[in-house]
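Structural description and commentary
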Amino acid sequence: MNGHEITDIFKALAHPSRVEILDYLKDGPLTTGELSDKFNVSRYAIMKHLNILESAGLVVVRRQGRIRLNFLHALPLQQLYNRWVSQYESQLASSLLRLKNNLEDHKGDLNNMENNQEKIAMSSFQIEQEVVINVPRERVFQALTDEINEWWAIRLGTPDSKFTFEPKINGLFYEDWGNGQGSVWGTVIYFKEHEEIRLNGLLGMQGAVNSNYIYKLEERGNSTLLKLSHQAAGLLEPHWEEAHQQGWNELLGKHLKAYLEDGLSVNQYSSCVKE
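In this report, the structure presented in the accompanying data block is examined. (Residues numbered from 1 in each chain as written. Predicted model: local features only at pLDDT ≥ 70, side-chain atom pairs only at ≥ 80, totals over all residues. Heavy atoms only, no water.)

1. Structural notes on the sheet that holds strand S3 (residues 67-72)
Overall, antiparallel pairing links the three strands, which are arranged S1-S3-S2 in an open sheet. One side of each edge strand has no neighbouring strand; the edge strands of this open sheet are strand S1 (30-31) and strand S2 (59-64). Sheet analysis places S2 next to S3, joined by six bridges and oriented antiparallel. Looking across to S3, one finds that arginine 62 is bridged to leucine 69. Of the strands in this sheet, S1, S2 and S3 are in contact with helix H2 (residues 16-25), which crosses S3 at around 95°. Each of S2 and S3 is contacted by helix H4 (residues 43-55), which is oriented at about 50° to S3, the strand it contacts most. (Pairing = 2+ DSSP bridges. Helix = DSSP H or I, 4+ residues; strand = E, 2+ residues; numbered from the N terminus. Contact = heavy atoms within 4.5 Å. Axes fitted to C-alpha atoms, helices over the stretch in contact; angles between N-to-C directions.)

As structure tokens, then:
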């Protein structure tokens, strides 16, 4: 994140209405009309605020027909936090490890589901994130597939478990724990080389849940805009959306970006953070 990007973020946050818009969006995506109804200003004024937030990278827009859906994009805020704050925290307190611990703590929850029914309800979430990585699109695609083990930092098995991505329809993205044990993180349902990958995968969730996630890669000169969409629906526990939002921030905005731009693997990145 360079100085101009940081300045744009602070300018975007300088207006109280724009901060309030982000507060509304943290609870889920809203159309422009739904946001306009929450303010005593014109729709045009809300559009101007949204355009400023989008330009600063704090809002991601997805269009469904004629409807414009606005999503909170927390990654730039996470990057600001990492720049000035996270280096003073222990690694155990990072959101990535909180996600890992959450997933591990809930591996046995199916046996206790009856005792936790008050915490589980039919619901859904949709996570939209974007990150610019300063390498060509083909290089990003290679890292998402052939080199997934070098930067995917969340492990459900031992620290030396190995990740493999099979780049084909019905191919598996899985973690091998050794001794014939492991975990499937996703199954490829759409594959277009250098452009798009779609997978079905629970990503640590379990039970009556349907979850899919999509990577889309767009060329930006010598850089790549990586777009993530993650949708889940079913019997979701309340903390799962926040855990996955933070986990994707860490995986794409930190580890993948550091691996491709700085050549830092998972272990090397962790060593740099500790130093």
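2. Here's the deal with unusual backbone geometry
The phi torsion at asparagine 170 lies on the positive side, around 70°, for a residue other than glycine. Of note, leucine 203 is a non-glycine position whose phi angle comes to about 50°, a positive value. By the secondary structure assignment, leucine 203 is in the loop between strand S8 (196-200) and strand S9 (209-220).

3. Remarks on the side chain of glutamine 129
Of note, glutamine 129 is situated in strand S4 (residues 121-133). A distance of 3.2 Å separates a polar side-chain atom of glutamine 129 from the backbone oxygen of glutamine 245. (Polar contact = N/O pair within 3.5 Å; in protein donor to acceptor, adjacent residues only side chain to side chain.)

4. Some remarks on the pairing of strand S10 (residues 223-236)
With 11 of 14 residues buried, S10 is to be regarded as a mostly interior element. Examined bridge by bridge, S9 and S10 share 12 bridges and lie antiparallel to one another. Across the sheet, lysine 216 pairs through a bridge with lysine 227, a residue of S10. The antiparallel pairing of S9 with S10 creates a hairpin that spans two residues between the two strands, and glycine 221 there sits at a positive phi of about 65°. (Buried < 20%, exposed > 50% of the residue type's maximum accessible area, 1.4 Å probe, protein only.)

5. Topic: the pattern of salt bridges
In total, this model carries 11 salt bridges according to the counting rule given. As a salt-bridge pair, arginine 68 and glutamate 54 come within 3.8 Å of each other at their nearest N and O atoms. Placement of arginine 68 in strand S3 and of glutamate 54 in helix H4 is noted, with a sequence separation of 14 residues between them. In this structure, lysine 192 and glutamate 195 form a salt bridge, with 3.3 Å as the shortest nitrogen-oxygen distance. Residue lysine 192 is classed as partly exposed on the basis of its relative accessible area, which comes to 40%. (Salt bridge = Lys/Arg side-chain N within 4 Å of Asp/Glu carboxyl O.)

6. Things to note about the nonpolar core
Counting residues in hydrophobic clusters, the biggest one holds 41 residues, and the most contacted among them are Trp151, Trp152, Tyr215 and Trp248. Top contributing element to this core by residue count: helix H9 (residues 240-262), with seven residues. Residues Ile9, Ala12, Ala56 and Leu80 belong to the second largest nonpolar core, which totals 17 residues. (Core = buried A, V, L, I, M, F, W, Y, C linked by side-chain atoms within 4.5 Å.)

7. A look at the packing of aromatic side chains
Two aromatic rings, taken as a pair, are described by how far apart their centres are and by the angle between their planes. Evaluated as defined, the whole model comprises 14 aromatic pairs. Between the aromatic rings of phenylalanine 163 and tryptophan 185, the centroid separation amounts to 5.7 Å while the plane-to-plane angle is 70°, which identifies the pairing as edge-to-face. In this pair, phenylalanine 163 sits in strand S5 (residues 162-165) while tryptophan 185 sits in strand S7 (residues 181-192), placing the two residues 22 residues apart along the sequence. A single burial state applies to phenylalanine 163 and to tryptophan 185, both of which are buried. Through a chain of ring-to-ring contacts, three or more aromatic side chains come together here, namely Trp151, Trp152, Phe163, Phe165, Phe173, Trp185, Tyr213, Tyr215 and Trp248. (Phe/Tyr/Trp six-rings, centres within 6.5 Å; stacked < 30°, edge-to-face > 60°.)

8. Notes on a negative patch on the surface
There is a patch of like negative charges on the surface, built from Glu20, Asp23, Asp27, Glu241 and Glu242. The set of elements that each furnish at least two residues to the negative patch consists of H2 and H9. Inspection of the secondary structure assignment puts glutamate 241 in helix H9. Its relative accessible area of 30% is what places glutamate 241 among the partly exposed residues. (Patch = residues over 30% accessible without salt bridge, like charges linked within 9 Å, V, L, I, M, F, W, Y side chains within 5 Å. Areas by Shrake-Rupley, 256 points an atom, 1.4 Å probe, with all protein chains shown as cover. Lys, Arg positive; Asp, Glu negative; His and termini not counted. Charge placed at Lys NZ, Arg CZ, Asp CG, Glu CD.)

9. Looking at the packing of helix H7 (residues 137-144) against H9
Here H7 crosses H9 at 125°, and the two axes come no closer than 11 Å. Between H7 and H9, the crossing angle belongs to the class labelled oblique. For the pair H7 and H9, the crossing hand works out as right-handed. Mapping the contact onto sequence places Arg139, Val140, Ala143 and Leu144 in H7 and Leu256, Tyr259 and Leu260 in H9. Residue composition of the contact of H7 with H9, by class: six nonpolar, no polar and one charged. (Parallel < 35°, antiparallel > 145°, perpendicular 65-115°, else oblique. Left-handed = near helix turned anticlockwise from the far one by under 90°. Nonpolar A, V, L, I, M, F, W, Y, C, P; charged D, E, K, R; others polar.)

10. Examining the environment of glycine 253
In this structure, glycine 253 sits in helix H9. On the accessibility criterion, glycine 253 (10% relative accessible area) is buried. When the C-alpha atoms of glycine 253 and proline 76 are compared, they prove to be 8.6 Å apart, with 177 residues separating the residues in sequence. Apart from residues no more than four positions distant in its own chain, glycine 253 is found in contact with Leu75, Gln79, Val131 and Trp248.

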